[in-house]
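One-letter residues, chain by chain:
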Amino acid sequence: MLIEVLKYIGGTAVALAALAWFAKSMFLHWMSKDLANHRTRLEMQQQNFLESIRADVAFATIEHEIRYRSSYEKVAEYLVEIYRRLQRLFDATRSYVAILEQVGEPSKDEKLSAVIASNKEFWDYLIANRLYVPPDLYQRIRRVGDLLVDLVREFQRGQYKDEMGIQQAKQGEDYWTKCINSVDNEISPLFTAMVAEVQSLLGIPEMLSRKMSVASTTVSFQRHSP
């Protein structure tokens, strides 16, 4: 009887142990599967997060590029227009103080009216759009404009003295010669340097260099082609 009981207890113990092992195996399997699923979800969330960041960075980059291009285009537009107006003022002033004039040209009074009109157009536009002009370049542009205004005033004073019969203070050089020399030797070099700076800001030298490089490569290729 005792032996039977022991066998029964032993068999039950084995069964319980097997059941415990099976339960533990199932738990570990479930835990492993759940951890794998959790890891997969985390990886997907991380991937989605990274994709979202990449998309945000790409959008910000594109937005910055658009704003930069828009600002650059505005700066280029205003600089080109400022140059055009200053060029008109320069040409009108030089024509006004010219010593030799061709037949059929406008009178001095008409030329002075053209100078006054172009001077107003230039200064009104420059001051209104100063925001788009780099500080150093703005000062250079102002310098040229101021010198042209001073030149016209000096020429007008010389004309007034002529009309009033007042002798010029400096012998050997009348106001005509002085003004035209000022245009050629002082204002014109400053204007040329200013134009070169505007071209540099607009990237014109680089564009021309690339075009010349492409043209040179094309010619070289053609020469070596059979």
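A few points on the structure. (Residues numbered from 1 in each chain as written. Predicted model: local features only at pLDDT ≥ 70, side-chain atom pairs only at ≥ 80, totals over all residues. Heavy atoms only, no water.)

1. A few points about the packing of aromatic side chains
Now for step 1: Counted by the stated rule, this structure contains nine aromatic pairs.
Now for step 2: On the numbers, 6.2 Å between centres and 25° between planes, the contact of Y83 with F191 is stacked. Here the residue Y83 occupies a position in helix α1 (residues 2-97), and F191 occupies one in helix α4 (residues 175-202), the gap between them amounting to 108 residues.
Now for step 3: Judged by relative accessible area, which is 31%, Y83 ranks as partly exposed. (Phe/Tyr/Trp six-rings, centres within 6.5 Å; stacked < 30°, edge-to-face > 60°. Helix = DSSP H or I, 4+ residues; strand = E, 2+ residues; numbered from the N terminus. Buried < 20%, exposed > 50% of the residue type's maximum accessible area, 1.4 Å probe, protein only.)

2. Brief notes about the packing of helix α2 (residues 108-128) against helix α3 (residues 135-164)
Now for step 1: Contact geometry of α2 with α3 gives a least axis separation of 12 Å together with a crossing angle of 155°. Overall, the two elements α2 and α3 adopt an arrangement that is roughly antiparallel. The interaxial crossing formed by α2 with α3 has left-handed handedness. Of the residues in α3, those in contact with K108, L112, V115, N119, F122, W123, L126 and I127 of α2 are Y138, I141, R142, G145, D146, V149, V152, F155, Q156 and Q159.
Now for step 2: Tallied by class, residues from the contact of α2 with α3 come to 11 nonpolar, four polar and three charged. (Axes fitted to C-alpha atoms, helices over the stretch in contact; angles between N-to-C directions. Parallel < 35°, antiparallel > 145°, perpendicular 65-115°, else oblique. Left-handed = near helix turned anticlockwise from the far one by under 90°. Contact = heavy atoms within 4.5 Å. Nonpolar A, V, L, I, M, F, W, Y, C, P; charged D, E, K, R; others polar.)

3. Concerning a negative patch on the surface
Now for step 1: A cluster of acidic residues, D109, E110, D162, E163 and D174, forms a negative patch on the protein surface.
Now for step 2: Taken together, the elements giving at least two residues each to the negative patch come down to α2 and α3.
Now for step 3: By the secondary structure assignment, D109 is in helix α2.
Now for step 4: On the basis of relative accessible area, D109 is assigned to the exposed category, the value being 60%. (Patch = residues over 30% accessible without salt bridge, like charges linked within 9 Å, V, L, I, M, F, W, Y side chains within 5 Å. Areas by Shrake-Rupley, 256 points an atom, 1.4 Å probe, with all protein chains shown as cover. Salt bridge = Lys/Arg side-chain N within 4 Å of Asp/Glu carboxyl O. Lys, Arg positive; Asp, Glu negative; His and termini not counted. Charge placed at Lys NZ, Arg CZ, Asp CG, Glu CD.)

4. Concerning the side chain of E81
Now for step 1: One can find E81 in helix α1.
Now for step 2: Of the residues examined, E81 reaches a relative accessible area of 18% and is grouped as buried.
Now for step 3: Apart from the residues lying within four places of it in its own chain, the contact partners of E81 are R88 and Y125.

5. Details of the packing of α3 against α4
Now for step 1: Relative orientation of the contacting elements α3 and α4 amounts to 165°, with a least axis distance of 10 Å. The orientation of α3 relative to α4 falls into the category roughly antiparallel. The handedness of the crossing between α3 and α4 is left-handed.
Now for step 2: Broken down by class, the residue content of the contact of α3 with α4 amounts to 17 nonpolar, three polar and seven charged.

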